[in-house]
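What follows is the residue order along each chain.
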Amino acid sequence: MKILKKIAVLALIVLIILQFFGPEKNEGDVADLQAFLTETNPPASVQASLKAACYDCHSSNTRYPWYSNIEPISYWMAGHVKHGKEELNFSEWSTYSVKRKDHKLEEVIEEIEEGHMPISSYTWTHGDAKLTETQIKEIADWVKDARAMLAVGQEKPQ
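Residues numbered from 1 in each chain as written. Predicted model: local features only at pLDDT ≥ 70, side-chain atom pairs only at ≥ 80, totals over all residues. Heavy atoms only, no water.

Caption draft 1: Looking closely at a nonpolar patch on the surface. A cluster of nonpolar side chains, namely V9, L12, I13, I16, I17, F20, F21 and Y75, defines an oily patch on the protein surface of about 830 Å² accessible area. By residue number, the principal contributor to the nonpolar patch is helix α1 (residues 2-18), which donates 5 residues. In this fold, I13 is placed in helix α1. For I13, a relative accessible area of 42% translates into the label partly exposed. (Patch = residues over 30% accessible without salt bridge, like charges linked within 9 Å, V, L, I, M, F, W, Y side chains within 5 Å. Areas by Shrake-Rupley, 256 points an atom, 1.4 Å probe, with all protein chains shown as cover. Salt bridge = Lys/Arg side-chain N within 4 Å of Asp/Glu carboxyl O. Helix = DSSP H or I, 4+ residues; strand = E, 2+ residues; numbered from the N terminus. Buried < 20%, exposed > 50% of the residue type's maximum accessible area, 1.4 Å probe, protein only.)

Right under this line is the structure:
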């Protein structure tokens, strides 16, 4: 029993020390999204859905809840955000090629329609991120329009 007590005390000490360290936060400027918003022109309802369900993990501006300051939760969240930004970062939209933009928009609707995004561990604590069928349809319609605009912009004059 003494060994279990020592392990518990050691674990508690490690957790307390961890509270003084943490990963770098993903707190960029909301203005970083302007290129994406200008080019894809989402309607206000879609912008609201993207803000609630996507931007925290797929942009350089994450809204952190209070529990993100608790270690090791912050490392877990940082890993999710890092992975999300590797897949799609709306803040870096202007650096993507037209082909990549089109592919990313195609993936947005696939992931949302298949229920893979937003991930369930995010919607547990962010109820407003759960997308309704109406929101999914609005996003799908917007993606279709945005992809069409990209295709028109890519056409070469003859």
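There's more to say after this.
Caption draft 2: Fine view of the nonpolar core. Residues F36, I139 and W142 are the most contacted members of the largest nonpolar core, which totals 26 residues. Secondary-structure elements contributing two or more residues to this core are α2 (34-40), α3 (44-53), α6 (98-113) and α8 (133-154). Counting residues per element, this core draws most heavily on α8, which supplies 7 residues. (Core = buried A, V, L, I, M, F, W, Y, C linked by side-chain atoms within 4.5 Å.)

Caption draft 3: How the structure looks around the side chain of S49. Tracing the backbone through its elements, the reader meets S49 in helix α3. A relative accessible area of 4% means that S49 is categorised as buried. Of the polar contacts made by the side chain of S49, one reaches the side chain of Q135; its length is 3.2 Å. Residues contacting S49, with those up to four places away along its chain left out, are C54, L131, Q135 and I139. (Polar contact = N/O pair within 3.5 Å; in protein donor to acceptor, adjacent residues only side chain to side chain. Contact = heavy atoms within 4.5 Å.)

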